[in-house]
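# Topology and contacts: notes
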Amino acid sequence: MGVPQGSTVSPLLANIALHGMENRIKQVALTLPGCKSENRKAISLIRFADDFVILHKDLAVIQRCQQIMAEWLNELG
């Protein structure tokens, strides 16, 4: 069922499904204390197909992002 693993269309479909993830992370940045524009630059989300990594100097921020991404992905099913 679904697209075979390794299919050339699989990364495209993953990117379509995960569209909006970057915006959600930027929303998290705006809730952090301090300069909002600096906070947006401080959190990096790198995505390739269905894999992603979130980078920040503060582990607590990464853990908060992990929790928010888990909730966001759960909403997608």
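Residues numbered from 1 in each chain as written. Predicted model: local features only at pLDDT ≥ 70, side-chain atom pairs only at ≥ 80, totals over all residues. Heavy atoms only, no water.

### As for helix 4 (residues 59-76)
Working note: α-helix, 3.6 residues per turn, so residues spaced by three or four point in the same direction. The line we're drawing: Helix and strand assignments follow DSSP, with helices taken as H or I runs no shorter than four residues and strands as E runs no shorter than two, numbered in order from the N terminus. Here a helix's expected span is defined as the number of its residues, less one, multiplied by 1.5 Å. In this scheme, a residue with accessible area under 20% of its type's maximum is buried, one over 50% is exposed, and one in between is partly exposed, where area comes from a 1.4 Å probe on protein chains only. Directions are taken from the helix axis to each C-beta atom, and the arc is the one they span. What makes two residues a contact is simply this: any of their non-hydrogen atoms within 4.5 Å. Polar contact is the term for a pair of N or O atoms within 3.5 Å; when the atoms are in protein, one must be able to donate a hydrogen and the other to accept it, and sequence-neighboring residues count only if both atoms are side-chain atoms.
With 18 residues, helix 4 should reach 26 Å at 1.5 Å per residue; the first-to-last C-alpha distance of 26 Å fits that figure. Buried within helix 4 we find Val61, Cys65, Ile68, Met69 and Trp72. Looking down the long axis of helix 4, one finds its buried residues gathered within 105° of arc, a one-sided arrangement. Relative to its buried face, helix 4 has exposed residues pointing more than 90 degrees away, namely Leu59, Gln66 and Asn74. Contact partners of the buried residues in helix 4: helix 1 (10-17), helix 2 (21-30) and strand 2 (51-55). By the N-cap criterion, in which a side-chain oxygen at the helix start approaches the backbone nitrogen of a residue two or three places on, helix 4 is capped by aspartate 58, the distance to alanine 60 being 2.9 Å. Glycine 77 lies just past helix 4 and shows a positive phi near 95°.

### Here we look at the packing of helix 2 against helix 4
Helix packing geometry: the angle between the two helix axes and the distance between the axes. Selection criterion: Each axis is a line fitted through C-alpha atoms, taken for helices only over the stretch in contact, and angles between the N-to-C directions span 0 to 180 degrees. Throughout this description, any angle smaller than 35 degrees is read as roughly parallel, any larger than 145 degrees as roughly antiparallel, any in the 65 to 115 degree range as roughly perpendicular, and the remainder as oblique. Helix crossings are classified by the rotation of the near helix relative to the far one: an anticlockwise turn of less than a right angle makes the crossing left-handed, while a clockwise turn makes it right-handed. Note that Gly is not counted as nonpolar here; it falls among the polar residues with everything else outside the nonpolar set of Ala, Val, Leu, Ile, Met, Phe, Trp, Tyr, Cys and Pro and the charged set of Asp, Glu, Lys and Arg.
Where helix 2 contacts helix 4, the axes come no closer than 11 Å and their chain directions differ by 140°. On the basis of their axis angle, the class for helix 2 and helix 4 is oblique. Handedness of the crossing formed by helix 2 with helix 4: right-handed. Residue-level contacts link Met21, Arg24, Ile25 and Val28 of helix 2 to Cys65, Ile68, Met69, Trp72 and Leu73 of helix 4. Here the contact of helix 2 with helix 4 is built from residues that sort into 8 nonpolar, no polar and 1 charged.

### Structural notes on the pairing of strand 1 (residues 44-48)
The cut-off we apply is this: When DSSP locates at least two bridges between a pair of strands, those strands are taken to pair.
As judged from the 5 bridges shared by strand 1 and strand 2, these two strands associate in the antiparallel manner. Opposite arginine 47, over in strand 2, you have phenylalanine 52 as the bridge partner. Following strand 1, the chain reverses through 2 residues before pairing antiparallel with strand 2; alanine 49 in that reversal takes a positive phi of roughly 55°.

### Things to note about the pattern of salt bridges
Basically, it comes down to this: A pair is scored as a salt bridge if a Lys or Arg side-chain nitrogen falls within 4 Å of a carboxyl oxygen belonging to Asp or Glu.
A full pass over the atoms with the stated rule returns 1 salt bridge. The residue glutamate 22 makes a salt bridge to arginine 47 at a minimum N-O spacing of 3.1 Å. With glutamate 22 in helix 2 and arginine 47 in strand 1, the pair connects residues that are 25 residues apart, well separated along the chain. Take glutamate 22: its relative accessible area is 28%, and that puts it in the partly exposed class. In this structure arginine 47 comes out as partly exposed when scored by relative accessible area, which is 22%.

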